[in-house]
Amino acid sequence: MPADEKSAAPYRGRFAPSPTGPLHFGSLVAAVGSYLDARAHKGEWLLRIEDIDPPREVAGATDAILRALDSFGLEWDGQVVYQSRRGDYYTSALERLRQHGYLYGCACTRREIADSRLKRGTAGIYPGTCRNGILPGRTARALRVRVEPGSIGLTDRLQGNSRQSLLEEVGDFIVRRADNLIAYQLAVVVDDAEQEMTHVVRGVDLLESTHRQVYLQQLLELPTPVYLHLPVAVNSAGDKLSKQTLARHIGADHKTTTLLDVLRFLHQELPDSPGDARVDELLGWAIAHWDVDNIPARRVLPSPPEYTGTGAGP
Ligand code: GLU
């Protein structure tokens, strides 16, 4: 780690997987990257299971993720935190947003939003239909946060500086969905602050969401952590490796090879004869030699060959 990155400030980071499937190469990159960065800073590394979206959950995924982390020697500090048990925190954040006048009920269906987007030629942006009240006879489905003119700035340790105009590029966004589930954007902001995270290390696919998260932090008067968005692994077809694209999960029988592939993917220095090392030795080496400056800032990188393991158990 370069000297200028060493700091006396306490470091608390996390890995926050959604239990939508077992750990795969892409999520292992986020797990290992966040772990190494925390340990290289002599910081804490917490595990938070983001299980607030039951329709997307896969039975047994949480256990598979915990077992896989364990089998790679990625030991987390403290108790595992489950978002499904933290509803009160999210409700009180919604209440604060309401009190400050930033929350409103939205009656629009997906279909209506898609239709109005087409008219305006502004795909992906909520057109603000319910901003000033719901039409008579309609009922609020989701809750949205009102965004303001101006842009949100973000500094990322790897991706550099960026700005996003939420009004022009996103529109008022959902914090509680029509099915009453809390949106990821709100839950992640509330939890990162309540758990006192100082650093967030995760995949670059979440960079675009981060400006919304910084906005929510500002509205809720919460601190903004230091962000590091790692490159994301894509398969040969160019799709992000995710549980949804059914990326093969990593095998328990190839732990050293898999970990080496993660370290290569992040362009980290490897020991001599790396194939002979045990995973715990390799992790120790990787902590001692962790260097963010070596990570390619490119947003997507091809993944190493897919794994054929049948599970990530111990
Ligand atoms: N739960 C999210 C995922 O699995 C990651 C959230 C985060 O790191 O902020 O993609």
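In this report, we go over the structure that sits alongside the text.

**So, the packing of aromatic side chains**
Alright, step 1. Taken as a whole and assessed by the stated rule, the structure comprises 4 aromatic pairs.
Alright, step 2. Ring geometry for Phe25 versus Phe265: centroids 5.7 Å apart, planes at 90 degrees, classification edge-to-face. You can see Phe25 sitting in helix 1 (residues 25-40) and its partner Phe265 sitting in helix 8 (residues 255-265), a full 240 residues away along the chain. Like Phe25, the residue Phe265 is buried in the burial classification.
Alright, step 3. Ring centres of Tyr35 and Trp45 lie 5.1 Å apart, and the angle between their planes is 85 degrees; this geometry places the pair in the edge-to-face category. Residue Tyr35 is found in helix 1, and its partner Trp45 is found in strand 2 (residues 44-49); the two are separated by 10 residues along the sequence.
Alright, step 4. Look at Tyr35 and you get buried, because its relative accessible area is 7%.

**Observations regarding the nonpolar core**
Alright, step 1. Ranked by size, the top nonpolar core spans 44 residues in total, and within it Phe15, Leu36, Leu69, Leu74 and Leu266 carry the most contacts.
Alright, step 2. Every element with two or more residues in this core is listed here: helix 1, strand 2, helix 2 (61-71), strand 10 (226-230), helix 8 and helix 9 (279-289).
Alright, step 3. Tallying contributions element by element places helix 1 first for this core, with 10 residues.
Alright, step 4. In terms of nonpolar packing, the next biggest core, distinct from the first, is built from 32 residues, Tyr102, Val145, Val200 and Leu219 among them.

**Describing helix 1**
Count 3.6 residues to each turn of an α-helix, and residues three or four apart come out pointing the same way.
Alright, step 1. Relative to the 22 Å expected for 16 residues at 1.5 Å per residue, helix 1 spans 22 Å between its end C-alpha atoms, a close match to the ideal helical length.
Alright, step 2. Of all 16 residues in helix 1, 16 are buried; the element is thus mostly enclosed.
Alright, step 3. Positive backbone phi, at 55 degrees, marks Lys42, one or two positions downstream of helix 1.

**Some thoughts on the pattern of salt bridges**
Alright, step 1. Enumeration according to the criterion identifies 18 salt bridges in this entry.
Alright, step 2. A salt bridge links Asp53 to Arg56; the nearest nitrogen and oxygen atoms lie 3.6 Å apart.
Alright, step 3. Its relative accessible area of 14% is what places Asp53 among the buried residues.
Alright, step 4. Judged by relative accessible area, Arg56 falls into the partly exposed class, the value being 40%.
Alright, step 5. Among the ionic pairs, Asp191 bridges to Arg86, the shortest N-O distance being 2.7 Å.

**Some words on the site of the ligand**
Alright, step 1. In the vicinity of the ligand, the contacting residues are Arg14, Ala16, Pro17, Ser18, Glu50, Tyr184, Val188, Arg202 and Leu206.
Alright, step 2. One of the backbone N or O atoms of Ala16 is found 2.7 Å from a nitrogen atom in the ligand.
Alright, step 3. Contacts to the ligand include Glu50, whose side-chain N or O atom sits 2.6 Å from a nitrogen atom.
Alright, step 4. Bound to the protein, the ligand loses 81% of the 300 Å² it would expose on its own.
Alright, step 5. Taken together, the residues that form the shell around the ligand break down as 5 nonpolar, 1 polar and 3 charged.

**Considerations on the pairing of strand 5 (residues 142-145)**
Look at any regular strand and the pattern is simple: side chains alternate between the two faces of the sheet.
Alright, step 1. Neither face of strand 5 is exposed, since Ala142 and Arg144 on one face and Leu143 and Val145 on the opposite face are all buried.
Alright, step 2. Alignment of strand 4 (residues 103-106) against strand 5, held across 4 bridges, turns out to be antiparallel. Looking across to strand 5, one finds that Cys106 is bridged to Ala142.
Alright, step 3. In this structure, strand 5 lies alongside strand 8 (residues 173-176), joined through 3 bridges in antiparallel fashion. Paired with Val145 across the two strands is Phe173, which belongs to strand 8.

How each quantity is defined
- Residues numbered from 1 in each chain as written.
- Predicted model: local features only at pLDDT ≥ 70, side-chain atom pairs only at ≥ 80, totals over all residues.
- Heavy atoms only, no water.
- Phe/Tyr/Trp six-rings, centres within 6.5 Å; stacked < 30°, edge-to-face > 60°.
- Helix = DSSP H or I, 4+ residues; strand = E, 2+ residues; numbered from the N terminus.
- Buried < 20%, exposed > 50% of the residue type's maximum accessible area, 1.4 Å probe, protein only.
- Core = buried A, V, L, I, M, F, W, Y, C linked by side-chain atoms within 4.5 Å.
- Expected span 1.5 Å × (residues − 1).
- Salt bridge = Lys/Arg side-chain N within 4 Å of Asp/Glu carboxyl O.
- Near = heavy atom within 4 Å.
- Polar contact = N/O pair within 3.5 Å; in protein donor to acceptor, adjacent residues only side chain to side chain.
- Areas by Shrake-Rupley, 256 points an atom, 1.4 Å probe, with all protein chains shown as cover.
- Nonpolar A, V, L, I, M, F, W, Y, C, P; charged D, E, K, R; others polar.
- Pairing = 2+ DSSP bridges.

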